[in-house]
Amino acid sequence: EDQVTQSPEALRLQEGESSSLNCSYTVSGLRGLFWYRQDPGKGPEFLFTLYSAGEEKEKERLKATLTKKESFLHITAPKPEDSATYLCAVLNQFYFGTGTSLTVIP
Amino acid sequence: EAGVAQSPRYKIIEKRQSVAFWCNPISGHATLYWYQQILGQGPKLLIQFQNNGVVDDSQLPKDRFSAERLKGVDSTLKIQPAKLEDSAVYLCASSLGPPGGGQETQYFGPGTRLLVL
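Every chain begins its residue count from 1, and numbering advances along the sequence as written. Written order determines the labels here, with chains lettered from A and ligands numbered from 1. The predicted nature of this model means local features are confined to residues of pLDDT at least 70 and side-chain atom pairs, given and counted, to a pLDDT of 80 or more, with totals for whole chains, interfaces and linings taken over all residues. Think of the side-chain values as coming from all heavy atoms in the structure, minus any hydrogens and water.

Peer 1: Would you take a moment to explain the nonpolar core for this structure?
Peer 2: Soluble globular proteins: nonpolar side chains tend toward being buried together. Nonpolar cores were defined as sets of buried Ala, Val, Leu, Ile, Met, Phe, Trp, Tyr and Cys residues, with membership established by side-chain atoms within 4.5 Å. Only protein chains enter the accessibility calculation, which uses a 1.4 Å probe; a residue is then buried when its area is under 20% of its type maximum, exposed when over 50%, and partly exposed in between. The biggest cluster of nonpolar side chains holds 24 residues, and the ones touching the most others in it are Tyr25(A), Leu33(A), Trp35(A), Leu73(A) and Tyr86(A). Sorting the residues of this core by element identifies β2 (10–14), β3 (19–26), β4 (33–38), β5 (45–50), β7 (62–66), β8 (70–75), β9 (84–90) and β11 (100–105) of chain A as the ones contributing at least two each. Runs of E in the DSSP output that reach at least two residues are strands. Runs of H or I that reach at least four are helices, and both are numbered from the N terminus. With four residues, the single largest contributor to this core is β9(A). Core analysis: the second largest hydrophobic core is formed by 21 residues, Val4(B), Phe21(B), Cys23(B) and Ile26(B) among them.

Given below as structure tokens:
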């Protein structure tokens, strides 16, 4: 059965303290992996799509990478406005993980 | 460009009542999805439409949930009768094309928050 596991469940960072979020998956023949950001009371907002191992994409302070078993979302020098829940999903069945709740403290 | 529109934003009903949600996707988006997101969990796909045809409804509880997309644009999701465990956020998303064609990025609406008492 396809599975997507995100870790940690929650992460508190000081402003400027870089870290990484993990999304591990067990999917036969990954067709693509999405990263979304979700603010409280809102729908998920698209960040990145990754299709093949070794692929990397960047947007402002965020960088997403993909291997054959997992994806990382690296956050460099985060700001309080980066506080949100970050969700990953595999394209095969649009199966979402439970998310990592990020809090950046000023 | 206008985003995905959903209404109502909030709904409170008693169990065994019926409820309907409406979604207007981004103009030109052929693929439309309905998700259920329970508090603290990731969205769960309920149904996927390609134009006005159903592609995947394997996780839709068909004894109480139904959905349609007439004319390949707007869509409605209905629950009848509602149960307490249906309390969740119902998200609609749309994409230019189906998975696998490079146009599968989904854009989500704000969701409808349903509380069943």
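Peer 1: Teacher, can you tell me more about the pattern of salt bridges here?
Peer 2: Side-chain pairs of opposite charge can arise where the charged atoms are in close proximity. Residues and elements named next belong to chain B. Each reported salt bridge corresponds to a side-chain nitrogen of Lys or Arg within 4 Å of a carboxyl oxygen of Asp or Glu. Scanning the entire structure with this criterion turns up six salt bridges over all chains. The salt bridge partner of Lys62 is Asp57, with a shortest N-O separation of 3.7 Å. Linking Asp86 and Arg64 is a salt bridge whose minimum nitrogen-to-oxygen distance equals 2.5 Å. Residue Asp86 is located in the loop between β8 (75–79) and β9 (88–95), and its partner Arg64 is located in the loop between β6 (53–56) and β7 (65–68); the two are separated by 22 residues in the primary sequence.

Peer 1: Honestly, the interface of chain B and chain A in this entry has me stumped. Any pointers?
Peer 2: As a measure of interface size, the accessible area lost when the parts come together is often cited. The contact criterion used is simple: two residues touch if any of their non-hydrogen atoms lie within 4.5 Å. Chain B puts 23 residues into the contact, and the matching count from chain A is 18 residues. For the pair chain B and chain A, the two sides together bury roughly 1,500 Å², of which 55% comes from carbon and sulfur. The interface formed by chain B and chain A includes zero salt bridges. Any pair of N or O atoms that falls within 3.5 Å is considered a polar contact. Within protein, one atom must be able to donate a hydrogen and the other to accept it, and sequence-neighbouring residues count only if both atoms are side-chain atoms. At the junction of chain B and chain A, the tally comes to five residue pairs in polar contact (both at pLDDT 80 or more). Listing elements by their share of the side of chain B that touches chain A, those giving two or more residues are β4 (31–37), β5 (44–50) and β10 (107–108) of chain B. The element contributing the most residues to the side of chain B that touches chain A is β4(B), with three residues. When two parts are brought into contact, each loses some accessible area as probed by a 1.4 Å sphere; the total of that loss over both is the buried area.

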